[in-house]
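Here is what each chain is made of, one letter per residue.
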Amino acid sequence: MEFKTKRLQIRELNPKDAMDLHRFSSLPNALPYEAWGPFSLEEAQAYIANASAEAEKTPRINFLFGISKQKSPVLVGLCSLEVADGKQRGAKIGYSIHPNHRKRGLASEAALGLIDFAKSNLKVRHFYTSCDSENKPSLRVLEKCGFTEIGMNAELEQVKGRFRDMLLFEMG
């Protein structure tokens, strides 16, 4: 499964992505706000194997995609969609872009592409996510995509040595 946006290809992860994922997640500035990472090569391979296993499930509720620029196999990020059960057909989205490819609108483009995919193919009507209150770039992405802040979980979890406030957002 794959789909394209103006500049990006959002696609299933494959074993060839393991080295890119390892390199990307291991950069010191790559994932300061994420609970996951850095990944060793073996952990990156396991993540991709898990993504492949999720793709085989019926019904499929977890979509773990790689992001690359069109006509390039190099992984420049990840995005995810977790479809919730229920009448509202809601889904949680997530995204992360390689530091060398940030500040170019790729995260917004990937998130909007993921939302369009979910609306068209999965009939999702409601989207939600959370964001570290200190993650200003991601807060801007959510604003650009049309998400509305609906609350906060204060110091809910410790991530990379600090407790963090998680802002909650929804759209739809």
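Calculation criteria
- Residues numbered from 1 in each chain as written.
- Predicted model: local features only at pLDDT ≥ 70, side-chain atom pairs only at ≥ 80, totals over all residues.
- Heavy atoms only, no water.
- Helix = DSSP H or I, 4+ residues; strand = E, 2+ residues; numbered from the N terminus.
- Expected span 1.5 Å × (residues − 1).
- Buried < 20%, exposed > 50% of the residue type's maximum accessible area, 1.4 Å probe, protein only.
- Pairing = 2+ DSSP bridges.
- Axes fitted to C-alpha atoms, helices over the stretch in contact; angles between N-to-C directions.
- Contact = heavy atoms within 4.5 Å.
- Salt bridge = Lys/Arg side-chain N within 4 Å of Asp/Glu carboxyl O.

**Observations concerning unusual backbone geometry**
T58 connects to P59 through a cis peptide bond whose omega is -5°. Positioned with a positive phi, K71 is a non-glycine residue whose angle comes to about 70°.

**Brief notes about helix α3 (residues 106-122)**
Here α3 is 17 residues long and its end C-alpha atoms lie 23 Å apart, about the 24 Å a rise of 1.5 Å per residue gives. Counting buried positions along α3 yields 12 of 17 residues, so the element is predominantly enclosed. Looking at α3, one finds that the buried residues are L106, A107, S108, E109, A110, A111, G113, L114, I115, F117, A118 and L122. Within two residues after α3, K123 carries a phi angle of roughly 60°, on the positive side.

**Here's the deal with the sheet that holds strand β2 (residues 8-12)**
Ordered in space as β1-β2-β3-β4-β5-β6-β8-β7, the 8 strands form an open sheet in which the pairing is mixed. Edge positions in the sheet fall to β1 (2-4) and β7 (148-159), since each of these pairs with one other strand and no more. Put simply, the sheet's adjacent strands are angled 25° from each other on average, direction ignored. In this sheet, strand β5 (residues 90-97) lies alongside strand β4 (residues 75-83) in antiparallel orientation, the contact comprising 7 bridges. Note on β5: the bridge partner recorded for L78 is S96. Relative to strand β6 (residues 126-132), helix α4 (residues 136-145) is tilted by about 160°, and along the sheet it contacts β5, β6 and β8 (162-171).

**Notes on the pattern of salt bridges**
Applying the stated rule across the entire model yields 7 salt bridges. With a shortest N-O distance of 2.6 Å, R7 and E109 are connected by a salt bridge. Highlighted residues: R7 in the loop between β1 and β2 and E109 in helix α3, separated in sequence by 102 residues. In this structure E109 comes out as buried when scored by relative accessible area, which is 12%. In this structure, the salt-bridge partner of R11 is D17, at a minimum N-O distance of 2.8 Å. Owing to a relative accessible area of 2%, D17 belongs among the buried residues under this scheme. What you see here is one network of salt bridges that share partners, running through D132, E134, R162 and R164.

**Considering the pairing of strand β3 (residues 62-69)**
Burial of β3 is extensive: 7 of the 8 residues sit out of reach of the surface. Bridge count between β2 and β3: 5 bridges; the pairing is antiparallel. By the bridge assignment, Q9 is partnered in β3 with S68. Bridging between β3 and β4 involves 7 bridges; their strand directions are antiparallel. For G66, the partnering residue across the bridge sits in β4 and is L78. Linking two consecutive strands that pair antiparallel, namely β3 and β4, is a turn of 5 residues; a positive phi of about 70° is found at K71 within it.

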